[in-house]
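Next come the chains, spelled out residue by residue.
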Amino acid sequence: MKLLTTILSLIVLSIINHELSTAFAQGSLAPAGAPAPTMKALDQIEPRTLISANLTPGNLTNAYIISQPGSYYLSGNIVVTNGNAILITTNAVTLDLNGFSICSIAPSANGSAVTSDYLESGILRQYISVVNGHILSGVTNLNGVYNGSGFANGVLLYGDHLDVEKVSVTGCLDYGIAMSSLLGITSVESCTVDNAGSYGILAQNVRDSTATQCGQCGIYGFVVSQCYGQSISGTGLNAYYSALNCYGNSAGSGDGLDCGNAENCMGQSQSGTGLNCNYSAINCWGYCNSNGGGLYAGAGASNCRGSSYGSGTGLASGGNVNNCIGYSTSGTGLYSPYTVTGCTGRSYSGLGLNATVAIGCYGYSETGTYGLAAYIANSCDHSGSAASISFKYNMP
């Protein structure tokens, strides 16, 4: 029995060894030839064209011209002595500045760093993106006058579906980043502009961007969020439809922030209205250093504050006002022709709070005629000057 077991074990092992030797047989180990490449070249993964005199030749007024759709990039800084640096004459172009700079040393500012050919051809280009780089120009501002060397414009595009991201622009005579579109979409994101004689940033949608030391307007857009716009004489930031988490500042007579609707925003002006909303303001602050208004909201204000350090109204609205504070040195602290609830209006020599209906409000004037003026007042209080109330409820 023991011998039989041993024989069977040897038979099983011989079968296994035979199968293993067959399974692992590899043939000759000598290579058939040199190894073939296994990786793709960069232009096979993402075909891109270098901006160069050979691949994107220009002419007398344009250093380089992009005339075919595709992806283009810089491999170094560009310096021009006159006119445009890069002209785009086609659709569907992505231009990656690749972290490099486009600079002009033209003695008198003219041309653009990047532009499209609308002024020459009348064609509105589509699907153009400019990303990741810097535009340097030598225009400066002296007492409100912009002058110097370099570019007239940083990025100036005409068309639809235009996009500029992560681009900084310094010292342009007219526009920093401007995109004109009839019906399409234009957007600017994560960009900065400093010293532009006209508009710093002009696009339909602007996000996470800043524009400072601008002549006519810091930032203008339809929908603007997370932005700061500053102008030396005009409007700091203008959001036609809405502004969210924005700050606009005017060092002159322009409004600090103009908009349709504002939420979590701040506007400051030297002599214009600090924050001026056509419709509603929520969680906002408007401030004027002199005789302009602090905050105006056409359709209503909630949880806002407005201050005028002159004869302007601190906070005014054409709608209902809730939980707001308004202050003016010699004008009205807070005003609404409708209902004001849970608000405070203060003035040193003007009227503290003025509303048709005031509920749970407080009005104060140090030397003015009235601290509180209302047709109907419910659960309100005042101090300093007297009150003018036609109908009182829950009040002494």
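For the structure, see preceding data.
Given the structure is predicted, the values throughout are model-derived calculations rather than measurements.

Thresholds, definitions, all that
Residues numbered from 1 in each chain as written. Predicted model: local features only at pLDDT ≥ 70, side-chain atom pairs only at ≥ 80, totals over all residues. Heavy atoms only, no water. Helix = DSSP H or I, 4+ residues; strand = E, 2+ residues; numbered from the N terminus. Buried < 20%, exposed > 50% of the residue type's maximum accessible area, 1.4 Å probe, protein only. Contact = heavy atoms within 4.5 Å. Areas by Shrake-Rupley, 256 points an atom, 1.4 Å probe, with all protein chains shown as cover. Salt bridge = Lys/Arg side-chain N within 4 Å of Asp/Glu carboxyl O. Phe/Tyr/Trp six-rings, centres within 6.5 Å; stacked < 30°, edge-to-face > 60°. Core = buried A, V, L, I, M, F, W, Y, C linked by side-chain atoms within 4.5 Å.

So what about the overall build of the protein? Which residues, and what values?
Within the protein, the secondary structure is distributed over three helices and 38 strands. With 396 residues in all, the protein has 47% of them scored as buried. Sequence separation of 24 or more characterises 23% of the internal contacts of the protein that already satisfy a separation of 6 or more. Total accessible area computed for the protein in this model is approximately 18400 Å², and 55% of it derives from carbon and sulfur atoms.

Mind laying out the pattern of salt bridges, listing which residues take part and the relevant values?
Side chains that differ in charge, positive against negative, can pair when their charged atoms come close. For the structure shown, the criterion picks out three salt bridges. Here Arg48 makes a salt bridge to Asp96, at a shortest N to O gap of 3.3 Å. One end of the pair, Arg48, is in strand E1 (residues 48–50); the other, Asp96, is in strand E6 (residues 93–96), with 48 residues separating them in the sequence. Judged by relative accessible area, Arg48 falls into the partly exposed class, the value being 27%.

How would you sum up the packing of aromatic side chains? Please name residues and give values.
For any pair of aromatic rings, geometry is given as the distance between the ring centres together with the angle between the planes. This structure, assessed with the given rule, holds eleven aromatic pairs. Arranged with centres 5.3 Å apart and planes meeting at 70°, the rings of Phe222 and Tyr241 form a pair that is edge-to-face. In this pair, Phe222 is assigned in strand E19 (residues 217–225) and Tyr241 in strand E21 (residues 235–244), connecting sequence segments 19 residues apart. Residue Phe222 is classed as partly exposed on the basis of its relative accessible area, which comes to 28%. Ring pairing ties together the aromatic residues Trp285, Tyr287, Tyr309 and Tyr327, which thus form one cluster.

Give me the nonpolar core: which residues, what numbers.
By size, the foremost hydrophobic cluster in this structure holds 73 residues, and its most contacted members are Ile51, Ile86, Leu95, Ile102, Val164, Val188 and Leu353. Of all the elements, strand E12 (residues 153–172) adds the most residues to this core, at seven residues.

Any chance you could break down the environment of Ala374 for me, citing the residues and the numbers?
By secondary structure assignment, the location of Ala374 is in strand E37 (residues 362–378). Classification of Ala374 as buried rests on a relative accessible area of 8%. Taking C-alpha positions, Ala374 is 9.9 Å from Ile359, a pair spaced 15 residues apart along the chain. Here Ala374 is in contact with Ala355, Thr356, Ala358, Ser388, Ile389 and Ser390, once residues within four sequence places are set aside.

Run through unusual backbone geometry, naming residues and quoting values.
With a phi close to 60°, Asn98 is a non-glycine residue in the positive phi region. Its location among the elements puts Asn98 in the loop between E6 and strand E7 (101–104).

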